[in-house]
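Each chain, letter by letter, is given below.
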Amino acid sequence: MSENGHDLHAEFPQHRAVLHDLKVENASFRELSARYHETAQEISRIEAGIEPASDQRLEDLKKHRLQMLDQVSAMIAEKQAA
């Protein structure tokens with residue numbers, strides 16, 4: 001799957017405004033967003049055969065991406081509750 005399929009706006013299309021607000025207002029979110037984007041790009045390069053990696057490395061990256069999505073989801077929920 002292309003990295004664009006794992007863009008945060010693609011993952012949370014109903015929360016585009018909240019994602020924008022978090023990116024503008026929250027340094028921790030900006031850092032998390034940057035790490036998420038880098039991880040998603042690395043996964044995309046590995047899956048495309050551009051960057052070599054073991055199956056375990058790919059699996060670990062995918063798990064890490066999911067953990068970051070959980071963090072983003074929690075930040076969205078917290079922002080909406082505020």
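Residues numbered from 1 in each chain as written. Predicted model: local features only at pLDDT ≥ 70, side-chain atom pairs only at ≥ 80, totals over all residues. Heavy atoms only, no water.

Participant: I tried to follow the overall build of the protein on my own but got confused; where do I start?
Facilitator: Helix and strand counts for the protein come out as four helices and zero strands. The helix and strand sequence of the protein, counted from the amino end, reads α-α-α-α. The C-alpha extent of the protein, read off along each of the three principal axes, is 45 × 20 × 20 Å. Buried positions account for 32% of the 82 residues belonging to the protein. Sequence separation of at least 24 residues holds for 65% of the intrachain contacts in the protein that already meet a minimum separation of 6. On the protein, roughly 5300 Å² of surface is accessible, and the fraction owed to carbon and sulfur atoms is 49%. Of the side-chain charges in the protein, 10 are positive and 15 negative, and the distance between the mean point of each set is 2 Å. (Helix = DSSP H or I, 4+ residues; strand = E, 2+ residues; numbered from the N terminus. Buried < 20%, exposed > 50% of the residue type's maximum accessible area, 1.4 Å probe, protein only. Contact = heavy atoms within 4.5 Å. Areas by Shrake-Rupley, 256 points an atom, 1.4 Å probe, with all protein chains shown as cover. Lys, Arg positive; Asp, Glu negative; His and termini not counted. Charge placed at Lys NZ, Arg CZ, Asp CG, Glu CD.)

Participant: Would you explain the environment of Gln41 in this entry?
Facilitator: With respect to the helices, strands and loops of the structure, Gln41 is situated in helix H3 (residues 27–47). In this structure the C-alpha to C-alpha distance between Gln41 and Gln56, which are 15 residues apart in sequence, comes to 17 Å.

Participant: Even after reading the chapter, I still don't get the side chain of Thr39, so can you show me in this structure?
Facilitator: As for its position among the elements, Thr39 is in helix H3. The exposure class assigned to Thr39 is buried, which follows from its relative accessible area of 9%.

Participant: Would you mind going over the pattern of salt bridges with me for this structure?
Facilitator: Pairs can form between side chains of opposite charge once their charged atoms are near each other. One pass over the structure, following the stated rule, counts four salt bridges. A salt bridge links Lys79 to Glu25, with the shortest nitrogen-to-oxygen separation between them at 2.5 Å. Of this pair, Lys79 sits in helix H4 (residues 55–81) while Glu25 is found in helix H2 (residues 16–25), placing the two residues 54 residues apart along the sequence. Accessibility expressed as a relative area gives 53% for Glu25, which makes it exposed. For Glu42, the salt bridge is made with Arg57, and the minimal N-O distance between the two is 2.9 Å. One end of the pair, Glu42, is in helix H3; the other, Arg57, is in helix H4, and 15 residues separate them in sequence. Note on Glu42: relative accessible area 16%, which makes it buried. (Salt bridge = Lys/Arg side-chain N within 4 Å of Asp/Glu carboxyl O.)

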